[in-house]
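# Observations on chain architecture
Next come the chains, spelled out residue by residue.
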Amino acid sequence: MRLSDEAAVPSPSLLIYHDRVEENLRRMIAMAGGPARLRPHLKTHKLPQIIARQVALGVTKCKCATIAEGEMAARAGATDIVVAVPLVGPNVPRLLALIRAFPAVKFATLADDAGAIAALDQAASAAGLVVEVLLDLDVGMERTGIAPGPKAVELYRAIAAAPGLRPGGLHAYDGHLRQADLAERSVAAAGGIARTDALRAELERAGLPVPRVIAGGTPSFPIHARRAGVECSPGTTIFWDANYAKSFPDLEFLPAAVLLTRVISRPGSNRLCLDLGHKAVASEMPHPRAVFPALPDANAVVHSEEHLVVETARAADLPVGTALYAIPRHICPTVALHDRVLVVRGGRVAEEWPVVARARRLTI
Ligand SMILES: Cc1ncc(COP(=O)(O)O)c(C=O)c1O
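Residues numbered from 1 in each chain as written. Predicted model: local features only at pLDDT ≥ 70, side-chain atom pairs only at ≥ 80, totals over all residues.

## Looking at the overall build of the chain
To keep it simple, the criterion reads: Labels follow the DSSP assignment, with helices taken as runs of H or I lasting at least four residues and strands as runs of E lasting at least two, numbered in each case from the N terminus. Computation of the radius of gyration draws on C-alpha atoms alone. For the globule rule, the value is 2.2 Å times the number of residues to the power 0.38. Three exposure classes are used, all based on how many other C-beta atoms lie within 10 Å of a residue's own C-beta (placed from the backbone): buried at 20 or more, exposed at 12 or fewer, and partly exposed between those limits. In this description, a residue-residue contact is defined by the distance between C-beta atoms placed from the backbone, which must lie within 7 Å.
Scanning the chain from N- to C-terminus turns up ten helices and 16 strands. In summary, the chain has a C-alpha radius of gyration of 22 Å against a globular reference of 21 Å for 364 residues, a match within 12%. For the chain, the C-alpha atoms occupy an extent of roughly 70 × 45 × 35 Å along the three principal directions. Counting only residues that meet the buried cut, the chain has 46% of its 364 residues in that class. The contacts of the chain with a sequence gap of at least 6 include a subset with a gap of at least 24, amounting to 68%.

So, in structure tokens, the structure goes:
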């Protein structure tokens, strides 16, 4: 983990270990049973270089959460992109502009509401476009989506009947599954899977096309990977983080994104102040928001914008200026805090990549 050129690298920095990203990608493809089964969520990395690498490995599909992410992915070479949030207001014409800007790319989005479906249809029809829309299912997370059942069939029919829309299949994200034990997680996932499969069968019996089912994130990846005809959309697997490493011992991915921080003050005999504030590491979770492999007893006591104070019995051994390496608890929002990442090859920083899609808007 330690860089050979550490002294020249400013802190706080987000380091991306290139060989570990490669290995994580290899494991993702192997777990999915091939690149065509994967539709990784790019919100974790937001980087065109990773999209390009995935495409080179045959992973041409992806999922994103913003129009800017979709634009970045299209520019970077992805050819099949699902904007996986319900789009409303001005984001509808932005999607249409994205579709027009990249005619060779297949775009789709989600909907779970009759009014939103009508608005999408109206905008697409007025623009002379046909937009592919997946029905977003609520399989237990209660965030977005409609529960599989008669209302879901009705909404899917509305998509199929709309002249400006084309039914794109079903999207079932089960981010509520948090069981540490894979067998227990599989049991918890089974109900949502059965309801999704039953809905798919009912729609197909009614003569409605269901071109794809996209299911899950990282915790349920091993479960959906075993289902035929389902695309898997993990995001975190590309970089991994301390939360998933602790929560899901069955998942073997490598920590590829690491924060470099330094001791900037020692405010007490057992305290270190590090330059790892809220603006460098995601802070929506309780502590520990970063795990220090070299300082396992570090206990966070104060966290502000640019400062993290930890208590440790080893404080006296770590003079001001000492570099420390930390694995973020939650990588996706941590990446979004950094305008660039430093790419490590051969134990040293080899490149700097701007985190292009952390912007809310690129050109569209
Ligand atoms: C809709 C959707 N799909 C996929 C993912 C990826 O999940 P994970 O971070 O568990 O890899 C997320 C994560 O939030 C998501 O919101």
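## Quick word on the environment of Leu 98
Mapping Leu 98 onto the fold places it in helix 4 (residues 91-101). Look at Leu 98 and you get buried, because 23 C-beta atoms sit within 10 Å. Sequence separation between Leu 98 and Pro 35 is 63 residues, and the spatial gap between their C-alpha atoms is 25 Å.

## Points about the site of the ligand
Spelled out, the test is: To decide whether a residue is near a molecule or strand, its C-beta atom is placed from the backbone and checked for lying within 6 Å of it. Residue polarity follows a fixed list, in which Ala, Val, Leu, Ile, Met, Phe, Trp, Tyr, Cys and Pro are nonpolar, Asp, Glu, Lys and Arg are charged, and the others, Gly among them, are polar.
Around the ligand lies a shell formed by His 41, Lys 63, Ala 84, Tyr 173, Gly 175, Gly 217, Thr 218, Pro 219, Ser 233, Pro 234, Gly 235 and Thr 236. Across the shell around the ligand, the residue classes tally to four nonpolar, seven polar and one charged.

## Overview of the pairing of strand 15 (residues 340-345)
So the rule is basically this: A pair of strands is considered paired only if DSSP assigns at least 2 bridges between the two.
In this sheet, strand 15 lies alongside strand 1 (residues 13-17) in parallel orientation, the contact comprising three bridges. Residue Ile 16 lies in a different strand from strand 15, and its bridge partner there is Val 343. Two strands pair when backbone bridges link them, and strand 15 and strand 16 (residues 348-354) are joined in this way by six bridges, in the antiparallel orientation. Bridged to Arg 340 within strand 16 is Pro 354.

## With respect to the nonpolar core
To be explicit about the condition: One nonpolar core equals one set of buried Ala, Val, Leu, Ile, Met, Phe, Trp, Tyr and Cys residues connected by C-beta atoms within 7 Å. Each domain's extent is set by a domain assignment, obtained either automatically or from a database.
Counting 102 residues, the largest nonpolar core has Ala 73, Val 133, Leu 135 and Ala 326 as its most contacted members. Looking at which element gives the most residues to this core, the answer is helix 3 (residues 67-76), with six residues. Looking at this core, you find at least three residues from each of domain 1 (6-13 + 253-358) and domain 2 (19-236). When neighbours within four sequence positions are excluded, Ala 326 is seen to be in contact with Val 258, Leu 259, Thr 261, Leu 276, Ala 290, Val 291 and Phe 292.

## Points about the sheet that holds strand 3 (residues 80-86)
This is how it is decided: Each axis is a line fitted through C-alpha atoms, and for a helix only the stretch in contact is used; angles between axes span 0 to 180 degrees, taken between their N-to-C directions.
Pairing is parallel in the open sheet, where seven strands are placed in the order 2-3-4-5-6-7-8. Looking at which strands have only one partner, the edges of the open sheet turn out to be strand 2 (61-64) and strand 8 (230-232). When strand polarity is set aside, the average angle formed by the axes of neighbouring strands in this sheet is 30 degrees. Strand direction decides the pairing type here: strand 3 and strand 4 (residues 106-111), joined by five bridges, are parallel. Note that in strand 4 the partner of Val 82 across the bridge is Ala 108. Its contacts with the sheet put helix 5 (residues 114-126) on strand 3, strand 4, strand 5 (131-137) and strand 6 (165-172), and the angle it makes with strand 5 is roughly 170 degrees. Its contacts with the sheet place helix 7 (residues 182-205) against strand 5, strand 6 and strand 7 (213-215), and it is angled at close to 160 degrees to strand 6.

## Brief notes about unusual backbone geometry
The bulk of non-glycine residues show a negative phi, and the bulk of peptide bonds are trans. The omega angle of the peptide bond from Ser 11 to Pro 12 is -5 degrees, so this bond is cis rather than trans. Relative to the elements of secondary structure, Pro 12 occurs in the segment before strand 1. The peptide bond linking His 287 to Pro 288 adopts the cis configuration, its omega dihedral lying at 0 degrees. For Pro 288, the position within the fold is in the loop between strand 10 (271-274) and strand 11 (290-291). A positive phi is found at Lys 46, a non-glycine position, where the angle reads about 60 degrees. We classify Lys 46 as buried; it has 27 C-beta atoms within 10 Å. Of note, the phi angle at Trp 240 is positive, near 65 degrees, even though the residue is not glycine. Mapped onto the elements of the fold, Trp 240 is located in the loop between strand 8 and helix 9 (242-247).

## Structural notes on helix 5
Applied cut-off: Helix span, expected: 1.5 Å multiplied by one less than the number of residues in the helix. As used here, the arc is the angular range of directions from the helix axis to the C-beta atoms.
The terminal C-alpha atoms of helix 5, which comprises 13 residues, lie 18 Å apart, in line with the 18 Å expected from a rise of 1.5 Å per residue. Those residues of helix 5 lying buried are Ile 117, Leu 120, Asp 121 and Ala 124. All buried residues of helix 5 lie within an arc of 100 degrees about the axis, which places them on one face of the element. In this structure, helix 5 carries Gly 115 and Ala 126 as exposed residues pointing more than 90 degrees from its buried face. Looking at the packing, one finds that the buried side of helix 5 touches helix 4, strand 4, strand 5, helix 6 (150-161) and strand 6. Once helix 5 ends, the next one or two residues include Gly 128, with phi positive near 70 degrees.

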